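What follows is each chain in one-letter form.
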Amino acid sequence: MAGGPTDRIEGWKSIAGHLGRDRSTVIRWARDRGLPVHALPGGKARSVYALAAELDAWMSGQGVLPDTPEPASPQVFPEEPAPPPVPAIPVRRRWPWMAGVAALLLAGGVLAADRWSDTPATLDAAAHARFVAARDDVALRAAPRLRHAIATLDTLARDHPDNAPVHEALAEAWLLAREFGSAADAQAFARARSATAAARAIDPASAVADRVDAVAAYWWDRDPAQAGRLFRRAIGHAPNDPLAHLWYANILADNGEDAAAMREFDAARMLAPGAPYILADYAWGLWSAGRISEADAVFGMLTTQHPELASVQDCLSVIALAEGDVAGYVRHLVERAQLRNEPELAAYSAALARTLAADRHGDHTATYAVVLSRAVSLEQNAGRPDHSWSAFIAGVAGDRAALLTAIAYARARGERWGSAGFVRRIRARYPGDAAIGKALDALAQDRIEPA
């Protein structure tokens, strides 16, 4: 594979020549395996290019790759006339990193990770263009883009009720709006499940519907066994779907099933090498499992190379709190609020910063009290309360009475916890406390995978 590290290689034919493979194979690799090929929209044709260094690095991590024929399905980066452009989306604040994220998504395999079933011919050219643009908006995982995608997909779903991929895309958009936008859990899960029901009525074997419903089964229904069954069925129908493996890994990690979680994280990473959102979840899984130094290394890389990831700041805020770094907790909250444009979180983090500045206790008693008060308030008003967060805060603050109160609330309401990262830190803080240990044992939920 000749070429300097910054050489730009234009077109599928040249890219295939650089890799020593045929054109159909490299197109398939870009679509299914995250080969870093970049697409340039606009003009009479959609052109593609790649960087020699990125191609060589990708190949070096793939091992031996077979030269199998390309399956008969639409290409992700077709060399054909581009669809009509979608009008620009106005946003209220600048996102200076958005162009970089778009290139990153194409290079890192995120578009392959967010791939739904092939769009049927029932969509006309204009509707197809809107559908593709909405999928791009979902893949970018930014709150304004998710809102725009949901509005577009809602309209498409009404106009094309028999199109399963449109309903699948809408379900996924609502699920991501819960995590990356401002949608409340009750709304997001209800809308996502409505969309999966529509998709499954058309395609009973929809892997996307299964994995979206699996997430709802775990985080909303608190039914880990059913979530596991749905995820395993989704993976059985779509074994090369990175999101099925990633989301399965996330719930396994939350439930403390560490070996199984790492198996699924590895599968997702193999299918979408270098995808930053996968690495962020993987790093959190490492931290939850107690593999602190490994988690720190991955988070350190992500903060340097992908500072736009608000989810990383979210994770780092919790990790700082666990380590007694209250100032770090506040700093990461401020970063997250700015990245996601969350006014409520921005106001809270600013107030918390003022409290910290005035808190003259060496153990930050007043600041912990504010953090705990907000956590309890949010939990008491949640549709499906889970007091593991307030218990964690009380534990790291060394407030045994508040910890026991949180546990008592949880047991009185019949809660069952995963939250393995939080529970591990509470146990470590009170290693010889039989009452706390016994109460935590009683709160543990069922396994996801059979023992």
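Residues numbered from 1 in each chain as written. Predicted model: local features only at pLDDT ≥ 70, side-chain atom pairs only at ≥ 80, totals over all residues. Heavy atoms only, no water.

With that settled, consider the overall build of the chain. Helix and strand content of the chain: 23 helices and three strands. Per-residue burial over the chain gives 51% buried out of 451 residues. Accessible surface for the chain amounts to roughly 19,900 Å². Of this, 56% is attributable to carbon and sulfur atoms. (Helix = DSSP H or I, 4+ residues; strand = E, 2+ residues; numbered from the N terminus. Buried < 20%, exposed > 50% of the residue type's maximum accessible area, 1.4 Å probe, protein only. Areas by Shrake-Rupley, 256 points an atom, 1.4 Å probe, with all protein chains shown as cover.)

The next subject is the packing of aromatic side chains. Evaluation of the coordinates by the stated rule reveals eight aromatic pairs. Between Tyr218 and Trp219 the ring centres are 4.8 Å apart and the planes differ by 85 degrees, which places this aromatic pair in the edge-to-face class. Owing to a relative accessible area of 25%, Trp219 belongs among the partly exposed residues under this scheme. Arranged with centres 5.6 Å apart and planes meeting at 25 degrees, the rings of Trp389 and Phe392 form a pair that is stacked. With Trp389 and Phe392 both in helix 20 (residues 388–397), this residue pair falls three residues apart, about one helical turn. Assessed through its relative accessible area of 23%, Trp389 is described here as partly exposed. An aromatic cluster is built from Trp389, Phe392 and Phe422, whose rings are joined through pairwise contacts. One cation-aromatic arrangement involves Arg425 over Trp287; the distance from NZ or CZ to the ring centre is 3.7 Å. (Phe/Tyr/Trp six-rings, centres within 6.5 Å; stacked < 30°, edge-to-face > 60°. Lys NZ or Arg CZ within 6 Å of the ring centre and 35° of its normal.)

Glancing now at the packing of helix 15 (residues 292–305) against helix 16 (residues 310–322). Helix 16 packs onto helix 15 with a crossing angle of 135 degrees between their chain directions and a minimal axis gap of 11 Å. In terms of orientation, helix 15 and helix 16 fall into the oblique class. At the point where helix 15 passes helix 16, the crossing takes the left-handed sense. Along its contact with helix 15, which presents Phe299, Leu302 and Thr303, the element helix 16 presents Val312, Gln313, Cys315, Leu316 and Ile319. Its residues assigned to classes, the contact of helix 15 with helix 16 shows six nonpolar, two polar and no charged. (Axes fitted to C-alpha atoms, helices over the stretch in contact; angles between N-to-C directions. Parallel < 35°, antiparallel > 145°, perpendicular 65-115°, else oblique. Left-handed = near helix turned anticlockwise from the far one by under 90°. Contact = heavy atoms within 4.5 Å. Nonpolar A, V, L, I, M, F, W, Y, C, P; charged D, E, K, R; others polar.)

Bringing helix 9 (residues 185–202) into the picture now. Counted at 1.5 Å a residue, the expected span for helix 9 with its 18 residues is 26 Å, and the 26 Å between its end C-alpha atoms agrees. Along helix 9, the residues classified as buried are Ala188, Phe189, Ala192, Ala195, Thr196 and Ala199. Seen along its axis, helix 9 keeps its buried residues to an arc of 135 degrees; they face one direction. Close packing links the buried residues of helix 9 with helix 8 (164–180) and helix 10 (207–219). (Expected span 1.5 Å × (residues − 1). Arc of directions from axis to C-beta.)

Quick look at the nonpolar core now. Core analysis: the biggest nonpolar cluster contains 107 residues, and Leu153, Trp247, Phe299 and Tyr329 have the highest contact counts within it. For this core, the element with the highest residue contribution is helix 8, accounting for 10 residues. Residue contacts for Phe299: discarding those within four places in its chain leaves Ala280, Ala283, Trp284, Val312, Cys315, Leu316 and Ile319. Counting residues in each nonpolar core, the second largest holds 16 residues, with Ile15, Val37, Leu55 and Met59 among its members. (Core = buried A, V, L, I, M, F, W, Y, C linked by side-chain atoms within 4.5 Å.)

So, about the pattern of salt bridges. On inspection of all chains with the given rule, the structure shows 20 salt bridges. Taking the shortest distance from any N to any O, the salt bridge between Asp137 and Arg145 comes out at 2.6 Å. The partner of Asp266 in a salt bridge is Arg269, and the shortest N-O contact between them spans 3.3 Å. Placement of the pair is Asp266 and Arg269 together in helix 13 (residues 258–271), with a separation of three residues, close to one helical turn. Note on Arg269: relative accessible area 30%, which makes it partly exposed. Sharing partners across several salt bridges, the network here consists of Arg200, Asp210, Asp213 and Arg233. (Salt bridge = Lys/Arg side-chain N within 4 Å of Asp/Glu carboxyl O.)

Let us now look at unusual backbone geometry. The phi dihedral of Arg222 is positive, around 60 degrees, even though this residue is not glycine. Along the polypeptide, Arg222 turns up in the loop between helix 10 and helix 11 (224–237). The class of Arg222 is partly exposed, set by a relative accessible area of 30%. The backbone of Ser419 sits at a positive phi, close to 45 degrees, despite the residue not being glycine. For Ser419, the position within the fold is in the loop between helix 21 (400–412) and helix 22 (420–429).

What follows deals with the packing of helix 14 (residues 276–288) against helix 15. Where helix 14 meets helix 15, the axes come as close as 8 Å, and the angle between the chain directions of the two elements is 155 degrees. With respect to their mutual orientation, helix 14 and helix 15 come out roughly antiparallel. Between helix 14 and helix 15 lies a crossing of left-handed hand. Contact residues: helix 14 offers Pro276, Leu279, Ala280, Tyr282, Ala283, Trp284, Leu286 and Trp287, while helix 15 offers Ile292, Glu294, Ala295, Val298, Phe299, Met301 and Leu302. Here the residues of the contact of helix 14 with helix 15 are counted per class, giving 14 nonpolar, no polar and one charged.

Within the secondary structure, Ser390 is located in helix 20. At 2.7 Å, the side chain of Ser390 and the side chain of Glu379 are in polar contact. Setting aside anything within four residues of it in sequence, one finds Ser390 in contact with Leu372, Ala375, Val376, Glu379 and Ala406. (Polar contact = N/O pair within 3.5 Å; in protein donor to acceptor, adjacent residues only side chain to side chain.)

Before going further, it helps to spend a moment on helix 13. Working note: α-helix, 3.6 residues per turn, so residues spaced by three or four point in the same direction. Compared with an ideal rise of 1.5 Å per residue, which puts 14 residues at 20 Å, helix 13 spans 20 Å between its outermost C-alpha atoms and is within 8% of the ideal. Every buried residue of helix 13 is listed here: Ala260, Ala261, Met262, Glu264, Phe265, Ala268 and Leu271.

A separate point is the environment of Ala151. Here Ala151 lies in helix 7 (residues 143–159). The partly exposed category is assigned to Ala151, whose relative accessible area is 44%. A C-alpha to C-alpha distance of 9.2 Å links Ala151 and Leu170, two positions 19 residues apart in sequence.

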